[in-house]
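# Structural features, examined
Here is what each chain is made of, one letter per residue.
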Amino acid sequence: MLTRPCWVEINTRNFEQNYSFLSTLASPQVELLAVVKANAYGHELKICAPAVVRAGARWLGVTSVEEGIEARRLCPESRILVIGMAQGQSNEIVRHQLTAVVWDNWQFDELEAAARAQDVRSVPVHLEIDTGMSRQGAEPGSLAPLLERFHRGSPLRLEGVMTHLFAADEADEQNTNAQLERMETALKQIQSAGMQPETLNIGNSAALLAGQAIKISALAGRYGMNTLIRPGLALYGLVPQFDPDFSSDEPASLGQARIHLHPVLTWKTRVVSVKSVPTGAVIGYNGTFVATEPLRLALIAVGYADGLDRRLGNHFSLLVRGRRAPLVGRVSMDQSVIDITDIPGVATGDEVVLIGQQGGEAISAFDHAKAAGTIPWEIFTRIAARVPRIAT
Ligand SMILES: *Cc1c(COP(=O)(O)O)cnc(C)c1O
């Protein structure tokens, strides 16, 4: 093998089944948009986009136009929502039939110009409302000037109205309810302006698993709209952690998700060499670990340049021969060392699991996140591009 032995395996069957499970959970009136931004959360767009389309997804969601173009090449028939368009990209959006999320005048200017230049008569867009996150979106109280831009002569067509929930992973629904109220204010204005968008586009994995689809589709129903919910993390098999959590009155959907969602990604490396060191041996940069007894050590081909957080040195264990082997000393750029003293038989070439199952043990992206002081989204997305993703 010409590459370093550090790779990711993507279980496409689990990915497809996760999508199917989430669709049944969402109830028949609710459609799902599969979020495949950031190279499918590090799982690789090339593998994941066609897989989720096979599983029945009609909509894909990406952040950038670059990703949108790649998704279009992979999935010629899909609807592709570009959540974060930037300046100068409208020609490509129109050319590749991507659906832009819009909220600012320059986006209307650019998209109209691109549609006219390409002689495209109707370009569907989703209007984002800032219902409380202050990230992107129009103010719900002052939509009139933007709505006027969908006048008869414009090639832009208001297909969807969208917002992003910033606290769907809080069992206390106060923030979400306030956001939905602001959305209702916006929908009233849109209705009074005589417009009838088809789709209400709200909610992430946490919203879906916490059962918010009911509230969202009720809101959509009051305005004659369909509902589109946008799960990401759950598709990749992780159940978001709720904080504060639900304690005893957890929604049934969350319990079902724990049973039916299965992680898609396994991250592996191999033992490159094994050695014994005496008491007093210093391990890794700056000697942060000193052997207090004779140890057996295995050198493994993974480092922080692969995305293994440097903070995990001396604070985490990986799996080899189905057992937990502590990372000793600092994580280096391309290599790390694990303590295999208590694990008999470890040899050069043995597989080491960073994320995934081996024997009866498992390590999740949540485990990495906790040790690194971050969230699983970041753990997944910073597994380096040089680590090959292999569909299994
Ligand atoms: C990333 C993202 C999602 C998906 O969020 P998850 O928590 O991973 O389900 C949904 N909507 C928007 C706008 C996003 O940026």
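Quick caveat: nothing in here was measured; it's all calculated off a predicted structure.

## Focus: the overall build of the protein chain
- Helix and strand counts for the protein chain come out as 13 helices and 19 strands.
- Expressed as lengths along the three principal axes of its C-alpha atoms, the size of the protein chain is roughly 80 × 50 × 35 Å.
- A burial count over the protein chain gives 53% of its 392 residues as buried.
- Considering only intrachain contacts with a sequence separation of at least 6, the fraction spanning at least 24 residues in the protein chain is 71%.
- Accessible surface computed for the protein chain: about 17,300 Å², of which carbon and sulfur atoms make up 49%.
- Side chains of the protein chain give 36 positive and 41 negative charges; the mean places of these two sets differ by 5 Å.

## What to know about the nonpolar core
- Counting 128 residues, the largest nonpolar core has W267 and I338 as its most contacted members.
- The element that contributes the greatest number of residues to this core is helix α3 (residues 45-54), accounting for six residues.
- Judged by nonpolar contacts, the second largest core, of eight residues, contains I283, L295, L297 and V337.

## Things to note about the sheet that holds strand β2 (residues 30-35)
- Read around the barrel, eight strands follow the order β2-β3-β4-β5-β6-β7-β8-β9 and close on themselves; strand pairing throughout is parallel. Across the sheet, the axes of successive neighbouring strands diverge by a mean angle of 30 degrees, strand direction being ignored.
- Pairing of strand β4 (residues 79-82) with strand β5 (residues 99-102), which is carried by two bridges, proceeds in the parallel orientation. Bridge pairing in β5 links V82 to A100.
- Sitting on the sheet, helix α6 (residues 105-117) touches β5, β6 (123-128) and β7 (156-163), and the angle it makes with β5 is about 155 degrees.
- Along the sheet face, helix α8 (residues 174-192) touches β7 and β8 (199-202) and points at about 160 degrees away from the line of β7.

## Overview of the site of the ligand
- Close to the ligand lie 14 residues; K37, Y41, S205, G232 and L233 are nearest.
- Between the ligand and H164, the relevant distance is 3.4 Å, taken from a nitrogen atom to a side-chain nitrogen or oxygen of the residue.
- For the ligand, whose accessible area on its own is 390 Å², the fraction buried by protein is 92%.
- Of the residues assigned to the shell around the ligand, the class counts are seven nonpolar, four polar and three charged.

## Overview of the pattern of salt bridges
- A complete count under the given rule lists 23 salt bridges for this structure.
- One salt bridge in this structure joins E250 and R258, with 2.8 Å as the shortest N-O distance.
- Overall, E250 belongs to the partly exposed group, its relative accessible area being 31%.
- Residue D309 pairs with R311 through a salt bridge whose shortest N-O separation is 3.0 Å.
- Linked through salt bridges whose partners overlap, the residues forming this network are R4, D306, D334 and R386.

## Focus on the pairing of β4
- Bridge count between strand β3 (residues 59-62) and β4: four bridges; the pairing is parallel. Counted as the bridge partner of V62 is V82 from β4.
- With helix α4 (residues 65-74) bridging β3 and the parallel β4, this β-α-β connection has right-handed handedness.
- What joins β4 to β5 is helix α5 (residues 90-95), and the crossover it makes is right-handed.

Rules of the game
Residues numbered from 1 in each chain as written. Predicted model: local features only at pLDDT ≥ 70, side-chain atom pairs only at ≥ 80, totals over all residues. Heavy atoms only, no water. Helix = DSSP H or I, 4+ residues; strand = E, 2+ residues; numbered from the N terminus. Buried < 20%, exposed > 50% of the residue type's maximum accessible area, 1.4 Å probe, protein only. Contact = heavy atoms within 4.5 Å. Areas by Shrake-Rupley, 256 points an atom, 1.4 Å probe, with all protein chains shown as cover. Lys, Arg positive; Asp, Glu negative; His and termini not counted. Charge placed at Lys NZ, Arg CZ, Asp CG, Glu CD. Core = buried A, V, L, I, M, F, W, Y, C linked by side-chain atoms within 4.5 Å. Pairing = 2+ DSSP bridges. Axes fitted to C-alpha atoms, helices over the stretch in contact; angles between N-to-C directions. Near = heavy atom within 4 Å. Polar contact = N/O pair within 3.5 Å; in protein donor to acceptor, adjacent residues only side chain to side chain. Nonpolar A, V, L, I, M, F, W, Y, C, P; charged D, E, K, R; others polar. Salt bridge = Lys/Arg side-chain N within 4 Å of Asp/Glu carboxyl O. Right-handed = clockwise from strand over helix to strand, strands pointing away.

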